[in-house]
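# Observations on the model geometry
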Amino acid sequence: MSIALASPATSPRTDPVATVAVVVTIFAWASAFPAIRAGLAAFGPLELGAVRFAIAAVPAALYLALTRPKLPEFNELWRFGVGGFGFVALYTGLLNYGELTVSAGAASFIINVSPILTALFATVFLGERFSFIAWAGTLLSFAGIGIIALGEGEGLRFEAGALLILGAAFVTSINAIAQKPLFARHNPLSVSAWNMVVGALALSPFLPSGLAQAAVADADGLFAAVYLGIVPSLIAYASWAVALSRLPASRASNYLYCVPPVATLMGFFWLGEAPGPLGIVGGALALVGVAVVNLRR
């Protein structure tokens, strides 16, 4: 697996392309939380996922047909499988079902276990080095997310869905480690496109019922499904693949701590949901932690 670390794309410095990719990913995935909530009012959890990624898979399949990228080698098939069946289908099902019973604050706290897991896995399996300062920044960000969760009206309320969201965080970390070596041979946009297509096929058994629900869904539910398919799926999965191809997996994942603070700001400007004092403090700590991880980069 060390071949991926030897490539120029894994330089520890953040180039402009990686910066843009990270920013796009943060804002797109932050916007997914209100969109998922709106979508679940009109669709079942798996039906929403099936419609969402069916929408994303159409342009992804066209991209693959037009660009004709390298086909996966036999020993790479499992890595693409992790991306499609795991990071798309399984992650979506776990997160959607989890958000049926877990408060937004608790969900954001649980899902942000993934950067810590990714850093651990990257150290063991990819040979990446994570300094003491970087670990300190990671834990600072994690503490900030916890404060955001505590600042919500419902606080940290762990229900049965919490284990499902923890599973989604685990899947995210496994995917980052499994697919990181692919970028030594494959274009990140091609990897992302394959993820969309394979994930949509994995969710396709739920597409007929999803289309039936779409036929009677209100405008808000339909907009949520289409928006999820285009922005947090097609665009954000592609930008995340670009970021992961150009940064160490542990460092790229650390940027995801920016998602809850950005989601809080979006809730304020779009929905008028003003964060409380703990939410502001927690968001600031999360951002400071990300800055600490990137000191001297």
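Residues numbered from 1 in each chain as written. Predicted model: local features only at pLDDT ≥ 70, side-chain atom pairs only at ≥ 80, totals over all residues. Heavy atoms only, no water.

### Remarks on the packing of aromatic side chains
- This structure, assessed with the given rule, holds 7 aromatic pairs.
- Seen in terms of ring centroids, Trp29 and Trp240 are 5.8 Å apart; in terms of plane orientation they differ by 50°. Their pairing is tilted. With Trp29 in helix H1 (residues 16-40) and Trp240 in helix H10 (residues 219-246), this pair connects stretches of sequence that are 211 residues apart.
- The class of Trp29 is buried, set by a relative accessible area of 14%.
- Residue classification places Trp240 among the buried positions, given a relative accessible area of 5%.
- A centroid spacing of 6.0 Å and a plane angle of 25° characterise the contact between Phe223 and Tyr227, whose relative ring orientation is stacked. Of this pair, Phe223 and Tyr227 both sit in helix H10, 4 residues apart, which is roughly one turn of that helix.
- Feature note: the residues Trp29, Phe53, Phe87, Tyr91, Tyr237 and Trp240 constitute an aromatic cluster, connected by ring pairs. (Phe/Tyr/Trp six-rings, centres within 6.5 Å; stacked < 30°, edge-to-face > 60°. Helix = DSSP H or I, 4+ residues; strand = E, 2+ residues; numbered from the N terminus. Buried < 20%, exposed > 50% of the residue type's maximum accessible area, 1.4 Å probe, protein only.)

### Some remarks on the packing of helix H3 (residues 77-98) against helix H8 (residues 188-203)
- In the contact formed by H3 and H8, the axes pass within 8 Å of each other and the chain directions differ by 60°. Put simply, H3 runs oblique to H8. The chirality of how H3 crosses H8 is right-handed. Residues Phe80, Gly83, Gly84, Phe85, Val88 and Ala89 of H3 pack against Val191, Trp194, Asn195, Met196, Val198, Gly199, Ala202 and Leu203 of H8.
- Here the contact of H3 with H8 is built from residues that sort into 10 nonpolar, 4 polar and no charged. (Axes fitted to C-alpha atoms, helices over the stretch in contact; angles between N-to-C directions. Parallel < 35°, antiparallel > 145°, perpendicular 65-115°, else oblique. Left-handed = near helix turned anticlockwise from the far one by under 90°. Contact = heavy atoms within 4.5 Å. Nonpolar A, V, L, I, M, F, W, Y, C, P; charged D, E, K, R; others polar.)

### Describing unusual backbone geometry
- For Arg68, which is not glycine, the phi torsion reads 45° and is therefore positive.
- Tracing the backbone shows Arg68 in the loop between helix H2 (45-67) and H3.

### Digging into H1
- Under the 1.5 Å per step criterion, the end-to-end length of H1 is 36 Å for 25 residues, consistent within 8% with the ideal 36 Å.
- The largest bend along H1 measures about 30° and falls at Phe33, with the proline Pro34 one to four residues further on.
- At the N-terminal boundary of H1, the capping side chain belongs to Asp15, with an oxygen 3.1 Å from the backbone nitrogen of Val17. (Expected span 1.5 Å × (residues − 1). Bend = angle between axes of the 7 residues up to and from the residue. Polar contact = N/O pair within 3.5 Å; in protein donor to acceptor, adjacent residues only side chain to side chain.)

### Examining the pattern of salt bridges
- Under the definition given, this model contains 3 salt bridges.
- The residue Glu73 makes a salt bridge to Arg185 at a minimum N-O spacing of 3.4 Å. Here Glu73 is found in the loop between H2 and H3, whereas its partner Arg185 is found in the loop between helix H7 (161-179) and H8, with 112 residues between them in sequence.
- Note that Glu76 is salt-bridged to Arg185, the shortest N-O span being 3.2 Å. Taken together, the residues Glu76 in the loop between H2 and H3 and Arg185 in the loop between H7 and H8 connect sequence positions 109 residues apart.
- The exposure class assigned to Glu76 is buried, which follows from its relative accessible area of 10%.
- Connected through shared salt-bridge partners, Glu73, Glu76 and Arg185 make up one network. (Salt bridge = Lys/Arg side-chain N within 4 Å of Asp/Glu carboxyl O.)

### Here we look at the side chain of Asn195
- Within the fold, Asn195 resides in helix H8.
- With near-sequence residues (within four places) excluded, Asn195 lies in contact with Phe80, Gly83, Gly84, Val88 and Gln179.

### A closer look at the confidence of the model for the protein chain
- Per-residue confidence for the protein chain gives a mean pLDDT of 82, with 77% of residues at or over 70.
- Here residues 1-12 is a poorly scored stretch, pLDDT under 50, and it has 25 contacts once near neighbours within four places are set aside; other chains count. (pLDDT = per-residue confidence, 0-100.)

### Some details on a nonpolar patch on the surface
- On the surface, a cluster of nonpolar side chains totalling about 340 Å² of accessible area is made up of Val58, Leu62 and Leu66.
- When you line up the elements, Leu66 lands in helix H2. (Patch = residues over 30% accessible without salt bridge, like charges linked within 9 Å, V, L, I, M, F, W, Y side chains within 5 Å. Areas by Shrake-Rupley, 256 points an atom, 1.4 Å probe, with all protein chains shown as cover.)

### Looking at the nonpolar core
- Core analysis: the biggest nonpolar cluster contains 72 residues, and Phe53, Tyr237 and Trp240 have the highest contact counts within it.
- Here this core gets 12 residues from one element, more than from any other, and that element is H1.
- When residues no more than four places from it in sequence are discounted, the contact partners of Trp240 are Thr25, Trp29, Phe87, Ala252, Ser253 and Leu256. (Core = buried A, V, L, I, M, F, W, Y, C linked by side-chain atoms within 4.5 Å.)

### Focus: the packing of H2 against H3
- Between H2 and H3, the shortest axis-to-axis distance is 8 Å and the interhelical angle comes to 140°. For the element pair H2 / H3, the angle class is oblique. Our pair here, H2 against H3, has a crossing hand that is right-handed. Of H3, the residues touching H2 (which contributes Pro45, Leu46, Leu48, Gly49 and Phe53) are Val88, Thr92, Gly93, Asn96 and Tyr97.
- Residue classes in the contact of H2 with H3 are distributed as 6 nonpolar, 4 polar and no charged.

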